[in-house]
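# Fold and contact review
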Amino acid sequence: MLADAAGVMPAELKFEGDKQFFTAALDQVDLIVHGRNSFEDQPNSPQRKRIILTRSVGALAPDPANPRATLWNPAGSTFEAACERAGVRAGTIAVIGGPDVFEMFMDRYDTFWLSLAPRVKLPGGQPVFPGVPARSPQQILAGHGLNAGEARMLDSTEGVSVTPWRRVAQTSP
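What this report covers is the structure whose coordinates are included nearby. (Residues numbered from 1 in each chain as written. Predicted model: local features only at pLDDT ≥ 70, side-chain atom pairs only at ≥ 80, totals over all residues. Heavy atoms only, no water.)

Let's shift gears to the environment of G125. Take G125: it is sitting in the loop between β6 (111-116) and α4 (137-143). Take G125: its relative accessible area is 13%, and that puts it in the buried class. Setting aside its immediate chain neighbours within four residues, G125 contacts M1, A3, D4 and A5. (Helix = DSSP H or I, 4+ residues; strand = E, 2+ residues; numbered from the N terminus. Buried < 20%, exposed > 50% of the residue type's maximum accessible area, 1.4 Å probe, protein only. Contact = heavy atoms within 4.5 Å.)

Below you can see the structure in the form of structure tokens.
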């Protein structure tokens, strides 16, 4: 789960090691993609270019609240057009959620970083992907051609880790 039943990321799901990993990764990207209820709330957040998925626009529009953001309705425009509108033609893109946003990019990820906090229970919470809990996040990632790499411990006291799930390169015969 990535949020509680109210759709809010509770304090018990926030860990300093995970925050540091997330912040450092976002400081390296050229563009952030997220849903209208997701954000990273960090000191560098206002400097980052972003695409925000929303149904409040027909296709693409500037975000009146953030000059570095592009509002994108996938029903009205392509992702490539949204990137062009955001001024990003190449580089690294971070997709930070939520579940429907993650699912939309499932077959495009080079790497998906899956954080686990095994001691935190959020009954009725919002799952990281549609299809959880019938299938685990790991089963869903594997089903989309991603393989688990070596987990990195972020908080040994709480058992919080992050695992890179990477796309297997296709070779031609």
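Our focus in this paragraph is the sheet that holds strand β5 (residues 93-97). Pairing within the open sheet is mixed, and its five strands lie in the order β3-β4-β2-β1-β5. Of all strands in the sheet, those bounded by a partner on one side alone are β3 (60-63) and β5. On average, adjacent strands in this sheet sit at an angle of 25° to one another, irrespective of strand direction. Bridge count for strand β1 (residues 31-35) against strand β2 (residues 50-53) is four bridges, and the pairing is parallel. Directly across from G35, in β2, lies its bridge partner L53. (Pairing = 2+ DSSP bridges. Axes fitted to C-alpha atoms, helices over the stretch in contact; angles between N-to-C directions.)

Within the largest apolar cluster, 25 residues are counted, with the highest numbers of intra-cluster contacts made by V33, I51, F105, Y109, F112, F129 and L141. When contributions to this core are tallied by element, the ones reaching two or more residues are β1, β2, α2 (79-86), α3 (99-104), β6 and α4. Considering each element in turn, this core owes the most residues, four residues, to α2. Contact partners of L141, with chain neighbours within four places excluded, come to M106, F112, L114, F129, L146 and W165. (Core = buried A, V, L, I, M, F, W, Y, C linked by side-chain atoms within 4.5 Å.)

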